[in-house]
Amino acid sequence: MLYGVFSDVHSNLEALSAVLDYFEDIGVGGYLCCGDLVGYGADPDACLDRVRALPNLSVICGNHDLATIGRLDLDWFNQYARAAVYWTRERLSPANRTFLEGLTARLETAGFTLAHGSPRNPPEEYLLSAAQFRDNVPFVRRWPLFVGHSHMPLLFRFAAGGRDKVETLFLEDREEALPRAEGGFGPVALNPGSVGQPRDQDRRAACAVWDTEKGTFRVCRLPYDVPATQAKIRAAGLPEYLALRLDYGQ
Ligand SMILES: [Fe+2]
């Protein structure tokens with residue numbers, strides 16, 4: 001079965017539409033979303049409406065979602081993120097607010113684990129280093145682990161031959177084989193990158209496909225109408241920087 005894996009939509013409807021259209025085209029049978037549905041962009045309700053309607057969806061919340069519903073302190077948010085949280089909070093529909101209130105920042109199922117940032121500190125830790133991967137392994141019972149938060153398409157796994165060395169891969173558009181273990185997959189952390197605000201100098205929307213039978217994970221990059229998204233951010237009165245950064249993928 002194919003899963004469409006995506007994260008960090010950040011209220012970017014044009015990017016989300018490109019990703020969901022692609023998933024539908026290739027016939028995914030389920031969806032995994034690693035949080036941060038809202039924040040930064042101008043279409044929080046439209047994005048949540050699309051995601052909530054997906055069949056066979058496993059979804060968690062991120063730090064921006066939690067801040068929007070008043071469950072995370074805004075002290076660590078920069079001025080642009082904070083402005084977007086306040087803007088979103090005032091506009092979110094009651095139904096979408098209730099939906100966000102029902103999510104957790106970590107979810108374990110029989111076949112995988114989702115955590116927005118990391119398993120040991122789901123809403124806040126950025127999983128970016130080999131040492132962090134190693135430290136987080138004891139917090140996971142079901143692999144693969146899917147994360148978001150950093151907005152970087154990354155893979156962490158142990159190198160062949162034991163647990164002495166951790167491999168860190170920046171994921172581009174090619175299939176990566178996942179480590180197998182008895183009854184499923186072995187330790188591996190996978191970040192599909194960000195749908196709505198990539199930060200790896202590639203402005204195209206990022207998402208990924210997990211093929212459970214082949215045991216592969218492939219990041220995909222999809223172009224979308226960036227000027228349309230920027231025009232909405234400006235028309236909404238959100239900070240200009242939030243529009244500009246989409247040009248550069250950062
Ligand atoms: Fe995010």
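What counts and what doesn't
Residues numbered from 1 in each chain as written. Predicted model: local features only at pLDDT ≥ 70, side-chain atom pairs only at ≥ 80, totals over all residues. Axes fitted to C-alpha atoms, helices over the stretch in contact; angles between N-to-C directions. Helix = DSSP H or I, 4+ residues; strand = E, 2+ residues; numbered from the N terminus. Parallel < 35°, antiparallel > 145°, perpendicular 65-115°, else oblique. Contact = placed C-beta atoms within 7 Å. Nonpolar A, V, L, I, M, F, W, Y, C, P; charged D, E, K, R; others polar. Buried ≥ 20, exposed ≤ 12 C-beta atoms within 10 Å, placed from the backbone. Core = buried A, V, L, I, M, F, W, Y, C linked by C-beta atoms within 7 Å. Arc of directions from axis to C-beta. Pairing = 2+ DSSP bridges.

Draft legend 1. Region of interest: the packing of helix α7 (residues 226-235) against helix α8 (residues 240-248). Contact geometry for α7 and α8: axes closest at 8 Å, N-to-C directions at 170°. By the angle between their axes, α7 is roughly antiparallel relative to α8. Residues V226, T229, Q230, I233 and R234 of α7 pack against E240, L242, A243, L246 and D247 of α8. Class assignment of the residues belonging to the contact of α7 with α8 gives a composition of five nonpolar, two polar and three charged.

Draft legend 2. The arrangement of the environment of D73 in detail. With respect to the helices and strands, D73 occurs in the loop between α3 (63-68) and α4 (79-91). Note on D73: 10 C-beta atoms within 10 Å, which makes it exposed. On a C-alpha basis, the gap between D73 and N63 in space is 9.3 Å, while along the polypeptide they are 10 residues apart.

Draft legend 3. Broad picture of unusual backbone geometry. Here the bond from W143 into P144 is cis, since omega is 5°, no more than 30 degrees from zero. Turning to its location among the elements, P144 is positioned in the loop between α6 (130-136) and β6 (145-147). The phi dihedral of Y40 is positive, around 80°, even though this residue is not glycine. Looking at where Y40 falls in the secondary structure, it is placed in the loop between β2 (30-33) and α2 (44-52). Of note, N56 is a non-glycine position whose phi angle comes to about 45°, a positive value. When you line up the elements, N56 lands in the loop between α2 and β3 (57-59). Since 12 C-beta atoms lie within 10 Å of it, N56 is described here as exposed.

Draft legend 4. Representation of the nonpolar core. Core analysis: the biggest nonpolar cluster contains 70 residues, and V19, L145, F146, V188, V195 and C207 have the highest contact counts within it. When residues of this core are assigned to their parent elements, the largest contribution, seven residues, is made by helix α1 (residues 13-26). Ignoring any residue separated from it by four or fewer positions in sequence, one finds L145 in contact with T113, A115, P119, V140, V188, A189 and L190.

Draft legend 5. Looking closely at helix α5 (residues 94-101). Three or more residues of α5 are buried, namely N96, F99 and L100. Axial view of α5: buried residues confined to an arc of 95°, hence all on one face. α5 presents P94, A95 and T98 as exposed residues on the side facing more than 90 degrees away from its buried surface. Looking at the packing, one finds that the buried side of α5 touches α2 and α3.

Draft legend 6. Structural context of the sheet that holds strand β12 (residues 188-192). With mixed pairing, six strands are arranged side by side in an open sheet as β4-β5-β6-β12-β7-β8. Edge strands, defined here as strands with exactly one partner in the open sheet, are β4 (106-108) and β8 (166-170). Mean inter-strand twist for the sheet, computed between neighbouring axes without regard to direction, equals 15°.

Draft legend 7. Region of the structure containing the sheet that holds strand β9 (residues 175-177). Sheet architecture is open: six strands sit in the order β3-β2-β1-β13-β14-β9, paired in mixed fashion. Every other strand in the sheet has two partners, leaving β3 and β9 as the edge strands with one partner each. Put simply, the sheet's adjacent strands are angled 20° from each other on average, direction ignored. Contacts between α1 and the sheet are confined to β1 (2-6), β13 (205-211) and β14 (216-222), with β13 contributing the most and set at about 25° to the helix.

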